[in-house]
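Read off the chains here:
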There are 2 protein chains.
Amino acid sequence: MPYYIGDVIKESKRLVIRTPEEFKKTGIDVKIKTQVDGVDIQKGSLYLSDGTTLPYDLLVMATGADALRLDIPGADMDGVHVIRNLMDTLKLKAYLNEQGCRKAVLIGAGYIGMEMCEALRNLGIEVKVMDILPRPAIRWDAEFTKMIVEELVKNQVEFIPETKPLAIEKGKDYRLKLLTSGGDLNADLVLMGVGTKRSTALAESMGLAMGESGAIKVDFRQKTSREGVYAVGDCCEVFHKVAGKWVYFPLGDIANKQGRVAGQNIGGYPAEFPGIVGAQAFKVFNLEVAATGLTEEEAAKFGFQPVSVLIWGLPVGRPMAKGEKLGVKLVGDKTTGKLLGGQCIGEKGAVQRISSLSVALWAGLSVDEIGYLDLPYAPPFGGAWDAIHIAAQSLRGKM
Amino acid sequence: MPYYIGDVIKESKRLVIRTPEEFKKTGIDVKIKTQVDGVDIQKGSLYLSDGTTLPYDLLVMATGADALRLDIPGADMDGVHVIRNLMDTLKLKAYLNEQGCRKAVLIGAGYIGMEMCEALRNLGIEVKVMDILPRPAIRWDAEFTKMIVEELVKNQVEFIPETKPLAIEKGKDYRLKLLTSGGDLNADLVLMGVGTKRSTALAESMGLAMGESGAIKVDFRQKTSREGVYAVGDCCEVFHKVAGKWVYFPLGDIANKQGRVAGQNIGGYPAEFPGIVGAQAFKVFNLEVAATGLTEEEAAKFGFQPVSVLIWGLPVGRPMAKGEKLGVKLVGDKTTGKLLGGQCIGEKGAVQRISSLSVALWAGLSVDEIGYLDLPYAPPFGGAWDAIHIAAQSLRGKM
């Protein structure tokens, strides 16, 4: 597996990354630009691409995931990018700086696509974003994604729904031509944000047990099925506290926590990773978009009896409101009365509400209790009845 | 008790208040500008200031609290104001509109004082704020109140600590002269924000049991010691879930919730008010200031073994930071490992963190768990390790 450490320092002013030499001083031997070609799990040996063999007592699999590249003709052409890790970003930046870009087409309107719309528009680039699905950020309610599309339009980004990319060719006026089921699109840059592919080939070659999701199976201490082998981050599963199941949820903050837990266990300070509730957020122009827990569809799939409610409230007290909107959707379980999930959208306050609801999910609070939670109230930050309270009380009425 | 409904509609454009006639159409008889002079609790009768007697089956005490007016000479002079309810505000607005104001002195640097500093500065008035205590918003840590004082100074507000107001006299160049232990201050307006006084005289005359705090004793259904008599809001106590005690905590959002619970019980839908955790927030210029749970001093008083930590984090991911600061203080209990309280300050994100910590307190989460909470992460809203995580892990190390 490649380690991209050290060789990128010069290219990124804001990142402070230590060189292998600096690491060595702290007693850590770092190999960069080196692939692990194979593992002899009986002997405890790694076979490296530089021809050497590295013995180990304990091994941590942190092979992550890669951005998916669509399998269409021209997907590898110059000017076609994906974005997932630091190297992807540096490649994209170099391309923009060296070649310039007037028009970009983004394939995939997930949250990476949304974030990149904003980033590219801020560089003055004309942006279109297409998806095979009818809405961007499809995990969110249709009322909320309507607001996202409005925000895109307000910022001169065209959203092209239900369209399939077919091929990429050399263009005339623009460097690339993207052929789609809805016609051709010109662009200097095609950026694919169509999902990730976990890097588990090495783990599979080692015979590590895989979970139902296809990612590496771990326990609460980040141990894999093999003694002395840990796994953390986007290559392994994580326990979803709301679903009560091990799932695949490749997000950076989760990876960080898993790394810490594995490190503690390896260092002799036993620790367990308690799991996640599915909290996530992104910003697209002036909109905060966030969610936690399960959607109705997911909840039904996991055997719950989901009931939901969607309200439009305010992120500030009514006398201070200047037209801001705060959408809150809650999903509860009819059988247990517990909260199962939440979604929020708005110019401000959406992440705040999802953060609080994430703690409520973590603790397994009932919808009833959420209707009376003691939250810090002051008119610049919300109403005496917060949008969370109003949504919870409305949901309770339906349960 | 007076009811200020209806007669203020014309004066306040943004408030929609129904008139007694409008209420009558919905089957509710509202009497305004009428005092309850006495209650015969045996007969179930109210004796009103208009000479009439009103029989009742069920009675709700919602007499609230009044702003304290310092007992110093001149405290009742024209131009000396308090601020607590709608009428106070309208009186103050009328005074400012009719008489004008060049300089204001605020007595009391609690959160009402802080909010009024901002409101008056926004009107272009020169503002000084004094307190007998050494720091504003004294419930917050000294590191945080230092930041508040800096914010005041940045906005041309002078904070005068450890100074006692002695008397108010007629002034020369300005309409009032405030004599203090630190010298004389000129002002056109003196505003007292020195605390509240619960209105419990009527309740006491009725023989209702009072709690240790001196406010009306209620149970979780908002029932007082007398059958058929409920109490809600700033005249009664509330259960503090962290302290495990009934306390006096006169805040508007709590009053709203208590009113709803009493209404449900009266309407035949039994409900209990689960209590509070002490969440509160205010804004002063560009600073969010918030707290929840117990301070170290309060925690010690309630028999806990408090340990605390204070960290300075970021409200955004490090690569996006532009010099913003987010202060987080956490208090935990050495004996149980649980969180007892938190305080936050910053240009943004402070209320978000306190809202989440309030839910954690509500659910009785341990400091250990808080260090691993799944919160919605994206760089515009925080780091992969949120300031909450960093503070909790730091506190755990001390416990």
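Above: the structure in question.
Residues numbered from 1 in each chain as written. Chains lettered and ligands numbered in written order. Predicted model: local features only at pLDDT ≥ 70, side-chain atom pairs only at ≥ 80, totals over all residues. Heavy atoms only, no water.

Counting its regular elements, chain A contains 10 helices and 22 strands. Whereas a compact globule of 399 residues would reach a radius of gyration of roughly 21 Å, chain A reaches 23 Å, a difference of no more than 12%. Carbon and sulfur atoms make up 51% of the accessible area of chain A, which amounts to about 18100 Å² in all. (Helix = DSSP H or I, 4+ residues; strand = E, 2+ residues; numbered from the N terminus. Rg over C-alpha atoms; globule rule 2.2 N^0.38 Å. Areas by Shrake-Rupley, 256 points an atom, 1.4 Å probe, with all protein chains shown as cover.)

The next point concerns helix H6 (residues 252–266) of chain B. For H6(B), spanning 15 residues, the distance from its first C-alpha to its last is 21 Å, which sits close to the expected 21 Å at 1.5 Å a residue. Restricting attention to buried positions, one finds in H6(B) the residues Asp253(B), Ile254(B), Lys257(B), Gln258(B), Val261(B), Ala262(B), Gln264(B) and Asn265(B). In this structure, the buried side of H6(B) is in contact with helix H10 (387–398) of chain A together with strand S15 (229–231) and strand S16 (238–240) of chain B. The first or second residue beyond H6(B) is Gly268(B), which carries a positive phi of 90°. (Expected span 1.5 Å × (residues − 1). Buried < 20%, exposed > 50% of the residue type's maximum accessible area, 1.4 Å probe, protein only. Contact = heavy atoms within 4.5 Å.)

A surface patch of nonpolar side chains, about 220 Å² in accessible area, is lined by Leu58(A), Val60(A) and Ile266(A). Along the chain, Ile266(A) turns up in helix H6 (residues 252–266). (Patch = residues over 30% accessible without salt bridge, like charges linked within 9 Å, V, L, I, M, F, W, Y side chains within 5 Å. Salt bridge = Lys/Arg side-chain N within 4 Å of Asp/Glu carboxyl O.)

Bring the parts together and some accessible area is lost; that lost area is often taken as the interface size. Taken together, the contacts link 46 residues of chain A with 47 residues of chain B. When chain A packs against chain B, the two sides together hide about 4300 Å² of surface, and 63% of this comes from carbon and sulfur. Linking chain A to chain B there are 0 salt bridges. Linking chain A with chain B are 19 residue pairs in polar contact (both at pLDDT 80 or more). Where the side of chain A that touches chain B is concerned, the elements lending two or more residues are H6, strand S18 (280–284), helix H8 (350–363) and H10 of chain A. Per element, the largest residue contribution to the side of chain A that touches chain B is 10 residues, and it comes from H8(A). (Buried area = accessible area lost by both parts, 1.4 Å probe. Polar contact = N/O pair within 3.5 Å; in protein donor to acceptor, adjacent residues only side chain to side chain.)

Here the focus is unusual backbone geometry. Phi is positive for Gln156(B), which is not a glycine, with a value near 60°. Relative to the assigned elements, Gln156(B) resides in the loop between helix H4 (142–154) and strand S9 (157–160).

Our next topic: the pattern of salt bridges. Residues and elements named next belong to chain A. Considering all chains together, one arrives at 34 salt bridges over all chains under this definition. The closest approach of N and O atoms between Lys 177 and Asp 184, which form a salt bridge, is 3.9 Å. What makes Lys 177 partly exposed here is its relative accessible area of 26%. For the salt bridge of Arg 353 with Asp 386, the shortest nitrogen-to-oxygen distance reads 2.7 Å.

So, on to the relation of the copies chain A and chain B. Of the two same-sequence chains, chain A is brought onto chain B (RMSD 0.0 Å, axial shift 0.0 Å) by a rotation of 180°. Considering both components of the superposition, the chain copies are consistent with a two-fold axis. When the interface residues of chain A are mapped onto chain B, 100% of them again lie at the interface, so the same face is used by both copies. (Least-squares fit on C-alpha atoms with pLDDT ≥ 70 in both.)

The next point concerns helix H3 (residues 111–122) of chain B. Its 12 residues place the ends of H3(B) 17 Å apart at the C-alpha level, agreeing with the 16 Å of an ideal helix rising 1.5 Å per residue. Trailing H3(B) by a residue or two, Gly124(B) shows a phi angle of about 80°, which is positive.

All names here are of chain B. Inspection of the secondary structure assignment puts Gln 99 in helix H2 (residues 86–99). Judged by relative accessible area, Gln 99 falls into the partly exposed class, the value being 39%. Separated by 218 residues in sequence, Gln 99 and Gly 317 have C-alpha atoms that sit 49 Å apart.

To continue, consider the sheet that holds strand S12 (residues 183–187) of chain B. Residues and elements named next belong to chain B. With antiparallel pairing, 3 strands are arranged side by side in an open sheet as S10-S11-S12. Looking along the sheet, the strands with just one partner apiece sit at the ends: strand S10 (165–170) and S12. With direction set aside, neighbouring strand axes in the sheet form an average angle of 25°. By the bridge criterion, 5 bridges tie S10 to strand S11 (residues 176–180) in an arrangement that is antiparallel. Looking at S11, one finds that Ile 168 is bridged to Leu 178. (Pairing = 2+ DSSP bridges. Axes fitted to C-alpha atoms, helices over the stretch in contact; angles between N-to-C directions.)

Here we take up the sheet that holds strand S21 (residues 326–333) of chain A. Two pairing modes exist for strands in a sheet, parallel and antiparallel, and in both the strands are linked by backbone hydrogen bonds. Residues and elements named next belong to chain A. Taken together, 5 strands build an open sheet; the order of strands is S18-S19-S22-S21-S20 and the sheet is antiparallel. For this open sheet the edge positions go to S18 and strand S20 (306–313), each flanked by a neighbour on one side alone. Strand-to-strand twist of the sheet, defined as the mean angle between neighbouring strand axes without regard to direction, takes the value 10°. In this structure, S20 lies alongside S21, joined through 8 bridges in antiparallel fashion. Paired with Trp 312 across the two strands is Gly 327, which belongs to S21.

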